[in-house]
Amino acid sequence: MNKRSEIASLIRSLCLFIGVAVLCVVFPERGVADDQLDAVLERTGKQVSAFLDLISEMNCTERVLQEKLADNGKVVEKEESTFDYLIILSTSDGELSLVESRIAPEDAKHKKPRTPLLISNGFSTLFLVFHPYYVPGFQFTQEGEESLNGRPLTKIHFQHIPGMRSPAALAVRGREYPLELSGTAWIDPASGVIVKLSANVDSGMQDVGLRTLHSEVRFAPVTFHNSPESFWLPAQATVEVESRHQHWRNTHQFSGYRRFAVDTREQVANK
């Protein structure tokens, strides 16, 4: 296998491994702006925790578009797939883990495999950056406000602290490389709901062939048949990766959410 082929095979499987560890830090005295940031982070942490309580009670339809791009941005290879998607929540030795399950329709299982493309897993769960167990592993700063679809939101920037636990890792030939994530979340300051989240890995992975990674997750409200409450769930996750010789873009769309106790599919609002 030549050098280029080896790098391509290394980077084709890109996964986020999710686990939770309890970390404690002591904060210095904080000002009014810091108190406001802490209040938003606390509300968001409660929203994320509530979502984890709900996540194992539902499934949805996931449509995945895998694209390989040329240097000029033109799509040269693509593959579209549809799955019955769910996230399995489990705990072991005091840690929490999330595992994605994808079940392809029967007719899709017999399709002849095409050119290998990037496989991306776990990006819809990037909100775990704001889980109370992971918050100590990141630095957070408030970046002002911005309106999305007429909704005023607070922009919170996050930056992983080297050496601290990260909720994301790159899997390469049986080894896991923690990702130094940085990015921005657009959050409703009153409720703590995450409306959009973008994350990047811009450096530090050159030794395994990864130049840049960018992901954006958009959330949308879902109302289930037996509950008047709306839940903000992942609607779309886009992952774009560049290695030394390759450029990929994957788009995951989530729709038709339903709870296992209900036999009626609920549609994610178009955003």
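Residues numbered from 1 in each chain as written. Predicted model: local features only at pLDDT ≥ 70, side-chain atom pairs only at ≥ 80, totals over all residues. Heavy atoms only, no water.

**Re the overall build of the chain**
Moving on, step 1. Helices and strands together make up the secondary structure of the chain, namely 3 helices and 15 strands.
Moving on, step 2. Across the 271 residues in the chain, those meeting the buried criterion constitute 47%.
Moving on, step 3. Nonlocal contacts in the chain, meaning residues at least 24 apart in sequence, comprise 59% of its contacts between residues at least 6 apart.
Moving on, step 4. Counting only carbon and sulfur atoms, one obtains 49% of the accessible surface of the chain, whose full area is about 14,100 Å². (Helix = DSSP H or I, 4+ residues; strand = E, 2+ residues; numbered from the N terminus. Buried < 20%, exposed > 50% of the residue type's maximum accessible area, 1.4 Å probe, protein only. Contact = heavy atoms within 4.5 Å. Areas by Shrake-Rupley, 256 points an atom, 1.4 Å probe, with all protein chains shown as cover.)

**Concerning the pattern of salt bridges**
Moving on, step 1. Taken as a whole, this structure holds 8 salt bridges when the rule is applied.
Moving on, step 2. For Arg249, the salt bridge is made with Glu67, and the minimal N-O distance between the two is 2.9 Å. Here the residue Arg249 occupies a position in strand 15 (residues 247-259), and Glu67 occupies one in strand 3 (residues 58-69), the gap between them amounting to 182 residues.
Moving on, step 3. Among the residues examined, Arg249 registers a relative accessible area of 24% and is labelled partly exposed.
Moving on, step 4. Glu67 sits in the buried class, given a relative accessible area of 9%.
Moving on, step 5. Measuring nitrogen to oxygen at the nearest pair gives 3.1 Å for the salt bridge that ties Glu216 to Arg218.
Moving on, step 6. Judged by relative accessible area, Arg218 falls into the partly exposed class, the value being 37%. (Salt bridge = Lys/Arg side-chain N within 4 Å of Asp/Glu carboxyl O.)

**Quick notes on the side chain of Ser182**
Moving on, step 1. The topology assignment puts Ser182 in strand 11 (residues 182-187).
Moving on, step 2. Dropping the residues within four chain positions of it, Ser182 is found in contact with His157, Phe158, Gln159, Ser198, Ala199 and Asn200.

**Remarks on the environment of Phe83**
Moving on, step 1. Summarising the element assignment, Phe83 is placed in strand 4 (residues 75-92).
Moving on, step 2. Overall, Phe83 belongs to the buried group, its relative accessible area being 18%.
Moving on, step 3. For Phe83, the contacting residues outside a window of four places in its chain are Cys60, Thr61, Glu62, Val64, Arg102, Ile103 and Ala104.

**So, the nonpolar core**
Moving on, step 1. Core analysis: the largest hydrophobic core is formed by 57 residues, its most contacted members being Phe130, Phe140, Phe158, Leu181, Leu197 and Leu233.
Moving on, step 2. Each residue touching Phe130, except ones within four places of it in the same chain, is listed here: Leu41, Thr44, Gly45, Val48, Val135, Phe140, Ile156, Phe158, Ala185, Ile187, Ile194 and Leu197. (Core = buried A, V, L, I, M, F, W, Y, C linked by side-chain atoms within 4.5 Å.)

**Points about the packing of aromatic side chains**
Each aromatic ring pair is characterised by the separation of its centres together with the angle its planes make.
Moving on, step 1. Overall, the coordinates contain 7 aromatic pairs when judged by the stated rule.
Moving on, step 2. Plain terms: the ring middles of Tyr85 and Phe254 are 5.1 Å apart, the flat faces sit at 55 degrees to each other, and that makes the pair tilted. In this pair, Tyr85 sits in strand 4 while Phe254 sits in strand 15, placing the two residues 169 residues apart along the sequence. The residues Tyr85 and Phe254 share a single accessibility class, namely buried.
Moving on, step 3. Judged by centre distance (5.3 Å) and plane angle (45 degrees), the rings of Phe130 and Phe140 are tilted. (Phe/Tyr/Trp six-rings, centres within 6.5 Å; stacked < 30°, edge-to-face > 60°.)

**As for the side chain of Lys155**
Moving on, step 1. For Lys155, the position within the fold is in strand 8 (residues 151-160).
Moving on, step 2. A polar contact of 3.5 Å, which involves the side chain of Lys155, links it to the side chain of Glu146. (Polar contact = N/O pair within 3.5 Å; in protein donor to acceptor, adjacent residues only side chain to side chain.)

**Looking at unusual backbone geometry**
Moving on, step 1. Of note, Asn149 is a non-glycine position whose phi angle comes to about 55 degrees, a positive value.
Moving on, step 2. Residue Asn149 is classed as exposed on the basis of its relative accessible area, which comes to 66%.

**A short note on the confidence of the model for the chain**
Moving on, step 1. Of the residues in the chain, 75% reach a pLDDT of 70 or more, and the chain-wide mean stands at 79.
Moving on, step 2. By mean pLDDT, the top-scoring element of the chain is strand 11 (96), and the lowest-scoring one is strand 2 (residues 18-19) (36).
Moving on, step 3. Across residues 1-13, where pLDDT falls below 50, the model places 29 contacts with residues more than four positions away in sequence or in other chains.
Moving on, step 4. Throughout residues 15-30 the model reports pLDDT below 50, and contacts reaching past four residues in sequence, or to other chains, amount to 43 contacts. (pLDDT = per-residue confidence, 0-100.)

**Focus: the pairing of strand 14 (residues 230-243)**
Moving on, step 1. Summarising burial for strand 14: 10 of the 14 residues are buried, a large majority.
Moving on, step 2. With 13 bridges connecting them, strand 13 (residues 210-223) and strand 14 associate as antiparallel partners. Looking at strand 14, one finds that Val217 is bridged to Ala237.
Moving on, step 3. In sequence, strand 13 turns back onto strand 14 through a hairpin of 6 residues.
Moving on, step 4. Bridge count for strand 14 against strand 15 is 7 bridges, and the pairing is antiparallel. Pairing of Val239 across the sheet is with Asn250, part of strand 15.
Moving on, step 5. Hairpin connection between strand 14 and strand 15: a loop of 3 residues separates the two successive antiparallel strands. (Pairing = 2+ DSSP bridges.)

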